[in-house]
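Structural overview for review
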Amino acid sequence: MTAAAFPQSPSAPVGRRLGRSIAGRTIAPWLYIAPAAVTFLVWIYWPLFDALWLSFHQWNMLPRAPVKFVGWSNYTNIFALPKFWQAVQNTGIYVIGLLPLAVILPLALAIYTNDLSGRYRNIYRAIIFLPMIIAPVVAASVWRWILDPDYGVLNRLIKSVGLEPIRFLTDPDIAIWTIIFITGWKLVGFSTLILAAANANINPALIEAARMDGASRWGIIRDVRLPLLSSTILFLVMITILLGAQWSFSYIVVLTQGGPLGSTTNIFHILWDFGFSSMSVGWSSAAAIILFLGFGALAFGLLRLVDRYSFHDN
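Everything in this summary refers to the structure shown in the same document.

For the structure on display, the rule yields 13 aromatic pairs. Ring geometry for Phe84 against Trp85: centres 5.2 Å apart, planes inclined by 75°, an arrangement best described as edge-to-face. On the basis of relative accessible area, Phe84 is assigned to the buried category, the value being 2%. For Trp85, a relative accessible area of 45% translates into the label partly exposed. Where Phe249 meets Trp272, the ring centres are 6.1 Å apart and the plane angle is 70°; that geometry is what we call edge-to-face. Of this pair, Phe249 sits in helix α11 (residues 249–256) while Trp272 sits in helix α12 (residues 267–277), placing them 23 residues apart in sequence. Relative accessible area serves as the criterion here: at 22%, Phe249 is assigned to the partly exposed category. Linked through ring pairs, Phe56, Trp72 and Tyr75 together constitute an aromatic cluster.

As for its placement among the helices and strands, Gly184 is situated in helix α7 (residues 175–200). With relative accessibility at 0%, the residue Gly184 sits in the buried group. With residues near it in sequence (within four places) discarded, Gly184 still touches Leu98 and Leu101.

To continue, consider the pattern of salt bridges. Going through the model one piece at a time under the given rule, you end up with three salt bridges. With a closest N to O distance of 2.6 Å, Lys83 and Asp273 form a salt bridge. With a gap of 190 residues between them, Lys83 in helix α3 (residues 82–112) and Asp273 in helix α12 connect regions that are remote in the sequence. The class for Lys83 is partly exposed, based on a relative accessible area of 36%. The closest approach of N and O atoms between Glu208 and Arg211, which form a salt bridge, is 3.1 Å. Taken together, the residues Glu208 and Arg211, both in helix α8 (residues 204–212) and three residues apart, mark about one turn of the helix. Given the relative accessible area of 41%, Glu208 is considered partly exposed.

The next thing to look at is the nonpolar core. Among soluble globular proteins, nonpolar side chains are generally buried collectively. Of all hydrophobic cores here, the largest spans 42 residues; its most connected members are Ile78, Tyr94, Tyr251, Leu255 and Ile267. Elements with a contribution of two residues or more to this core: α2 (73–79), α3, α5 (136–146), α7, α10 (230–247), α11, α12 and α13 (281–309). The biggest single contributor to this core is α13, with nine residues. With 18 residues, the next largest nonpolar core counts Ile111, Ala210, Leu228 and Leu229 among its residues.

Structurally, the start of α8 carries an N-cap: the backbone nitrogen of Ala205 is 3.0 Å from a side-chain oxygen of Asn203. Positive backbone phi, at 90°, marks Gly214, one or two positions downstream of α8.

Once that is clear, we can look at the side chain of Asn74. Inspection of the secondary structure puts Asn74 in helix α2. Within the local environment of Asn74, its side chain forms a polar contact with the backbone oxygen of Ser55, the two atoms lying 2.8 Å apart. In terms of polar contacts, Asn74 uses its side chain to reach the backbone carbonyl oxygen of His57, at 2.9 Å. Asn74 has contacts with Leu54, Ser55, Phe56, His57, Gly282, Trp283 and Ala286, leaving out every residue within four places of it along the chain.

Basis of the calculations
Residues numbered from 1 in each chain as written. Predicted model: local features only at pLDDT ≥ 70, side-chain atom pairs only at ≥ 80, totals over all residues. Heavy atoms only, no water. Phe/Tyr/Trp six-rings, centres within 6.5 Å; stacked < 30°, edge-to-face > 60°. Buried < 20%, exposed > 50% of the residue type's maximum accessible area, 1.4 Å probe, protein only. Helix = DSSP H or I, 4+ residues; strand = E, 2+ residues; numbered from the N terminus. Contact = heavy atoms within 4.5 Å. Salt bridge = Lys/Arg side-chain N within 4 Å of Asp/Glu carboxyl O. Core = buried A, V, L, I, M, F, W, Y, C linked by side-chain atoms within 4.5 Å. Polar contact = N/O pair within 3.5 Å; in protein donor to acceptor, adjacent residues only side chain to side chain.

Right, here's the structure in full:
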């Protein structure tokens, strides 16, 4: 008996179409994220694992130079280096010094300029955001001219009132705070715009309800605005702690090269110094892995704190 005697069931094409549809819905999302995933693997995880491998070897980055396995000696040598611990200490100083400039000052600016009219608010935002769009190397060069002890504008003003010029970039006790100020000057506009946007997103009905209950302006800020801005504030605190020392790297390289006497170096600068000044890629990679693990643990703890203490009106 031929196959024609048993016609194919009408449900078979429907089943095949349904199977293809399910397979398409399963595969399509992976196809959409594939370019981003491949880019992430190539630019993040591949260098990370390459740095981990190099951290156990000694190599001067010359193509024909031998790569020698040295085990944990790169890590033990770095931990025994006083210069490393000075850089770690300075990294903490950078983070603590940047918090007022990157969080507290922008918060005050965002809240107390919220009532400006549209034209004046846009002008002030443009002025305060201008430093953010200047290239770090260009900004550092301008600040070097301003702070020059002999010909700088600022020291000329200081000398005009009969005071001794201040060596902002060559005094070990002042240089690190100068770098912190320049870095914070660059970040104030960015943080202010983020906080201003979050402040403008607060439901006006909550503000009006507080005013009808007799709350003062400070009471509204304390009991309404600050709690509703807590998630944004904690986000800025988190990125300042994690990235603050990295943001200062360009200014350190251009203005002080880590000096004087290592007073302005930090963990990011010493990592670069190992790799490109000493040509010791093993030490540089070991420092990078230490940096990754340390800031990774810090990021995990900060994310937990942000989730715990953030407040939302919904």
